[in-house]
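Examination of the molecular architecture
This is what each chain is made of:
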Amino acid sequence: MAEAEVDALMAIYCSDGEFTMLNTAETENGNMEYTFAICLTCSRNQADCFTSCTDQAVSRDEDNVKVKLTFILPREYLTSLPAVSIDCHKLNRQQTSLFRQELLCYAATLKNEYMVMDLIMWVSQHIWEYITCKNTNAAKEEPTWITILHIDHMRSQQKYIKIITSWVTELNLTGMLLLQGHLILLILQGQQSALKEYMVRHKTQRVDVDSGGRSCKEKMMSVLCELALPGSVDRCPDFTVRRLESQQDLVTTFQEMKLEDLYKKYVVMLTHTKS
């Protein structure tokens, strides 16, 4: 069970700040979903990350890199792959996206197996290849775009969110799904082509169920905005689902994301119609 794997990871990464449990949730059928982060210090000269941060302190700082991996183990794990996000200050966005894509390709070869430790090992063995590639090639990053989508309703919220998360992972997008009362907003960030592909999928594939319980396509989603991410705004490091208690919580969330101007221009009118 995933619980046993999570317990083992907690025992291995037991130093301060190495393992953080971010969320646990029990699904309708009693299975558990886990969201957790593991912070690693990977050495250029080591093949793995089992050594603690204090043990690696003897190495030169320039030969060490800190990597934060955030995992979401879905209720269908192991038949479904975990969602993984990567945060490393030595990689730019393009390199992070490519590195994550290769990691997920490797994860696909481990389907039906407990794989988190294997993925950690893979990261530790390959992270410096991407750092070196970045420093030598200095590849130009593609601009990041943002889109805000308004979803009218979700009859089967669990199914809907699962599909959204799957597409976001496949397309290397980040952002946030905001649920506040009857208001549902989907904020996505990434390459413009990936955002276009996402919207095609959302409008043409079955994501929800109708009143009779049959799978159906989304007919009432609307695009509130689609534009290049302002230079003053940082891209979200991963994709999260946030349930908000009040309109003020919604405002605060947009402020934290530095998207207050977009809230005032595209979202505020919806808070009146949905209140």
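The structure contained in this document is the topic of the report that follows. (Residues numbered from 1 in each chain as written. Predicted model: local features only at pLDDT ≥ 70, side-chain atom pairs only at ≥ 80, totals over all residues. Heavy atoms only, no water.)

Thoughts on the pattern of salt bridges
Per the stated rule, a full pass over the model turns up eight salt bridges. For Glu 226, the salt bridge is made with Lys 196, and the minimal N-O distance between the two is 3.3 Å. Highlighted residues: Glu 226 in strand 10 (residues 222-228) and Lys 196 in helix 5 (residues 192-204), separated in sequence by 30 residues. On the accessibility criterion, Glu 226 (25% relative accessible area) is partly exposed. The salt bridge partner of Lys 258 is Asp 234, with a shortest N-O separation of 3.8 Å. With Lys 258 in the loop between helix 6 (247-256) and helix 7 (260-273) and Asp 234 in the loop between strand 10 and strand 11 (239-244), this residue pair connects regions lying 24 residues apart in the sequence. Linked by salt bridges that have partners in common, Arg 75, Glu 76 and Lys 162 make up one network. (Salt bridge = Lys/Arg side-chain N within 4 Å of Asp/Glu carboxyl O. Helix = DSSP H or I, 4+ residues; strand = E, 2+ residues; numbered from the N terminus. Buried < 20%, exposed > 50% of the residue type's maximum accessible area, 1.4 Å probe, protein only.)

Regarding the side chain of Thr 271
The topology assignment puts Thr 271 in helix 7. A polar contact of 2.5 Å, which involves the side chain of Thr 271, links it to the backbone oxygen of Val 268. Not counting residues within four places of it along the chain, the set of residues in contact with Thr 271 comprises Leu 183, Gln 247, Leu 250 and Tyr 263. (Polar contact = N/O pair within 3.5 Å; in protein donor to acceptor, adjacent residues only side chain to side chain. Contact = heavy atoms within 4.5 Å.)

What about the nonpolar core?
The biggest cluster of nonpolar side chains holds 36 residues, and the ones touching the most others in it are Phe 36, Val 67, Ile 120 and Ile 127. Among the elements of the structure, helix 1 (2-12), strand 2 (32-43), strand 3 (64-73), strand 4 (83-87), helix 2 (93-108) and helix 3 (116-137) are those that each provide at least two residues to this core. Ranked by the residues each element gives to this core, the list is headed by helix 3, at nine residues. Residues in contact with Ile 120, not counting those within four places in the same chain, are Leu 9, Tyr 13, Ile 38, Leu 40, Leu 69 and Phe 71. Listed in part, the 23 residues of the second largest apolar core include Ala 194, Leu 195, Tyr 198 and Met 221. (Core = buried A, V, L, I, M, F, W, Y, C linked by side-chain atoms within 4.5 Å.)

Comments concerning the sheet that holds strand 5 (residues 145-151)
Picture the strands of a sheet paired through backbone hydrogen bonds; they go either parallel or antiparallel. Ordered in space as 10-5-7-6-11, the five strands form an open sheet in which the pairing is mixed. Here the strands that pair on one side only, and so sit at the sheet edges, are strand 10 and strand 11. Sheet twist, expressed as the average angle between the axes of neighbouring strands with direction ignored, equals 10 degrees. By the bridge criterion, seven bridges tie strand 5 to strand 7 (residues 183-190) in an arrangement that is antiparallel. Pairing of Thr 147 across the sheet is with Leu 188, part of strand 7. Across the face of the sheet, helix 4 (residues 157-170) comes into contact with strand 5, strand 6 (174-180), strand 7 and strand 11 while running at roughly 150 degrees to strand 11. Relative to strand 5, helix 5 is tilted by about 15 degrees, and along the sheet it contacts strand 5, strand 7 and strand 10. (Pairing = 2+ DSSP bridges. Axes fitted to C-alpha atoms, helices over the stretch in contact; angles between N-to-C directions.)

Observations regarding the pairing of strand 8 (residues 206-209)
Of the pairings in the sheet, the one linking strand 8 to strand 9 (residues 215-217) comprises three bridges and is antiparallel in character. Directly across from Arg 206, in strand 9, lies its bridge partner Lys 217. Hairpin connection from strand 8 to strand 9: five residues lie between these consecutive antiparallel strands, with Gly 213 at a positive phi of about 85 degrees.

Section: the packing of aromatic side chains
Summed over the entire model, instances satisfying the criterion amount to eight aromatic pairs. With a centroid separation of 5.9 Å and 80 degrees between ring planes, the pair formed by Trp 167 and Tyr 198 is classed as edge-to-face. Taken together, the residues span a long stretch of sequence, with Trp 167 in helix 4 and Tyr 198 in helix 5 at a distance of 31 residues. Residue Tyr 198 is classed as buried on the basis of its relative accessible area, which comes to 0%. An aromatic cluster is present here, built from Phe 99, Tyr 106, Trp 122 and Tyr 130 joined pairwise through their rings. (Phe/Tyr/Trp six-rings, centres within 6.5 Å; stacked < 30°, edge-to-face > 60°.)

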